[in-house]
Every structure is written in C-alpha cells, then in structure tokens.
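Residue-level structure breakdown
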Amino acid sequence: MTTPHSNTLLIGFMASGKSSVGRLLAQRSDRWFIDTDALIATMAGKSISAIFEEEGEGRFRAWEVRLSKWLQDHITGAVIATGGGMPLVCNNLKAIGEVIWLDAPLEVIESRLAQPGESGSRPLADEALQTRYHERRSIYARTAHRQIDASGSVEAVLERLFL
Ligand code: S3P
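Below, the structure is looked at part by part. (Residues numbered from 1 in each chain as written. Predicted model: local features only at pLDDT ≥ 70, side-chain atom pairs only at ≥ 80, totals over all residues. Heavy atoms only, no water.)

Moving on: the sheet that holds strand 5 (residues 146–149). As summarised here, the arrangement of the 5 strands in space is 2-3-1-4-5, forming an open sheet in which the pairing is parallel. A single partner strand is all that each edge strand has here, and the edge strands are strand 2 (32–35) and strand 5. Recorded for the sheet is a direction-independent mean angle of 25° between the axes of neighbouring strands. Helix 2 (residues 36–44) rests against strand 2 and strand 3 (78–81) of the sheet, and its axis sits at about 65° to strand 2. On top of the sheet, helix 9 (residues 154–161) reaches strand 4 (98–103) and strand 5; it is set at about 145° to strand 5, its chief contact. (Pairing = 2+ DSSP bridges. Helix = DSSP H or I, 4+ residues; strand = E, 2+ residues; numbered from the N terminus. Axes fitted to C-alpha atoms, helices over the stretch in contact; angles between N-to-C directions. Contact = heavy atoms within 4.5 Å.)

What follows is the structure, encoded as structure tokens:
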C-alpha cells in the first residue's frame, strides 16, 4: 500500500515515460518528484551527454550508484524517475521503495525518440538501441515489483498504475 511516506520508483527503457508519468503521479499522490538524471546533472555541473563524452559511461554509472545509496538512506515520500540504465548497476532499488517497470513496446520507444529533441540528449539512443532494449528486459523484470504497459498517453499509463 502506498502511504505519504513511501517511495515509488519508475524504471524502464529510455523514453518509456518515467519522468512524465512520475511527475504526474507525484502531483496526484502529494509526494515529491525526483528525477535521477536531473539530480546527477546538477551535482556534476554538466549535462548527462557531457558526462558521457568527457568522463565516460563508467563515471556516470558511479554517480547512479552513489545516488541510489543516498536515496535509500535519506528519502521517503517521493516518486523517483530513474535513468534507464540504473537497474544495471544499482542492486538496492527494491529497498528504496515500490519499483514499477514502465514497459513500452520497442516501436513506441522508437517513435518517441524520433520526436524532435528526444534523442539528442540521450547518449545511448544509438545504433545498439534494439539490442540494448532486448538485453535489458530480464534485468527490468527482476528489478521490479510490478510491470505496467507504458504505451499510450501519460493519463492512460497512470490509470493502469492505479488498477
Ligand atoms: C540511460 C538512460 C538515460 C540516462 C543515460 C543512460 C540508459 O535516461 O540515464 O543517458 O542507460 O538507458 P532516460 O531513461 O531517462 O532516457
């Protein structure tokens, strides 16, 4: 059961809607909204793309691990939208709160990433996208308490979440 003190984590592939669904879920449930990518970019003082380019993916993953520990130790009453790769390197997500996998079909992901401005800020929206999508499914499945179909509008996804 979700209480005002509990956390909900949204995981899933890039463009599965974690940030937009998360923001609305936070508003509707009167909890704080945390976006891990935004927090890391603020802490690092540069965009996620710049971290990847200048310091490498390993450095970015280290930020994610550090942030996940901080979330576990300090955060209650929040909806947390995670970066798409966080479940690969953070094994404590279930200890932070209820983990929900927003699972969108590959065609939906690809069409969202084709929208102007959507893939430019995502260093891993590259030619390996399809392989990565398939490889990650089992990781998302074992990291999540629940799996929700993330196709359709933000409202539609939110409705499924409350079912
Ligand atoms: C990543 C997804 C991105 C961001 C980074 C790495 C990934 O977040 O954390 O570019 O490994 O899938 P979104 O899922 O919000 O696009």
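That covers the picture; the talk isn't over yet.
Attention shifts here to empty space enclosed by the protein. The full count for this structure, using the stated rule, is 1 cavity of 30 Å³ or more. One number sums up the size of the largest cavity: a volume of about 40 Å³. If you go around the largest cavity, the residues you meet are Phe-13, Trp-101, Leu-102, Asp-103, Ala-104, Tyr-133, Arg-137 and Tyr-140. Counted by class, the lining of the largest cavity contains 6 nonpolar, no polar and 2 charged residues. (1 Å grid on protein atoms, 1.4 Å probe; cavity = no way out; pocket = protein on both sides within 12 Å on 5 of 7 lines; lining within 4 Å. Points joined across faces, edges and corners; volume = space filled by probe spheres on them. Nonpolar A, V, L, I, M, F, W, Y, C, P; charged D, E, K, R; others polar.)

To continue, consider the nonpolar core. The tendency in soluble globular proteins is for nonpolar side chains to be buried as a group. Grouped together as the largest cluster of nonpolar side chains are 46 residues, with contacts concentrated most on Leu-71, Ile-80 and Leu-102. Setting aside its immediate chain neighbours within four residues, Ile-80 contacts Asn-7, Thr-8, Leu-9, Leu-10, Ile-34, Thr-36, Leu-71, Ile-75 and Ile-96. (Core = buried A, V, L, I, M, F, W, Y, C linked by side-chain atoms within 4.5 Å. Buried < 20%, exposed > 50% of the residue type's maximum accessible area, 1.4 Å probe, protein only.)

Here the focus is the packing of aromatic side chains. All told, the structure shown has 3 aromatic pairs when counted by the stated rule. Residues Phe-13 and Tyr-133 carry aromatic rings whose centres are separated by 5.3 Å and whose planes lie at 80° to one another, so their mutual orientation is edge-to-face. Taken as a pair, Phe-13 in the loop between strand 1 (8–11) and helix 1 (18–28) and Tyr-133 in helix 8 (residues 129–143) lie far apart in primary sequence, 120 residues in all. Tyr-133 shares its class with Phe-13; the two are buried. Each ring, one from Phe-52 and one from Phe-60, has its centre 5.1 Å from the other, and the planes form 40°; the classification is tilted. (Phe/Tyr/Trp six-rings, centres within 6.5 Å; stacked < 30°, edge-to-face > 60°.)

Turning to the layout of surface pockets, a few remarks are in order. Roughly 710 Å³ of internal volume is contained in the largest pocket. As for the largest pocket, its lining consists of 34 residues, and the residues nearest its centre are Met-14, Ala-15, Lys-18, Asp-37 and Arg-122. Per element, the largest residue contribution to the lining of the largest pocket is 4 residues, and it comes from helix 1. Classifying every residue of the lining of the largest pocket by side-chain character gives 14 nonpolar, 11 polar and 9 charged. There is about 150 Å³ of room inside the second largest pocket. Leu-39, Ile-40, Met-43, Trp-63, Arg-66, Leu-67 and Trp-70 together form the lining of the second largest pocket.

If you check the shell around the ligand, you find 13 residues, and the closest are Lys-18, Asp-37, Arg-61, Arg-122 and Arg-136. For the ligand, an oxygen atom lies 2.6 Å from a polar atom in the side chain of Lys-18. For the ligand, the accessible surface in isolation is 380 Å², of which the surrounding protein chains cover 95%. Because more than half of its atoms lie within 2 Å of the grid, the ligand is assigned to the largest pocket. (Near = heavy atom within 4 Å. Polar contact = N/O pair within 3.5 Å; in protein donor to acceptor, adjacent residues only side chain to side chain. Areas by Shrake-Rupley, 256 points an atom, 1.4 Å probe, with all protein chains shown as cover. Sits in = over half its atoms within 2 Å of the grid points.)

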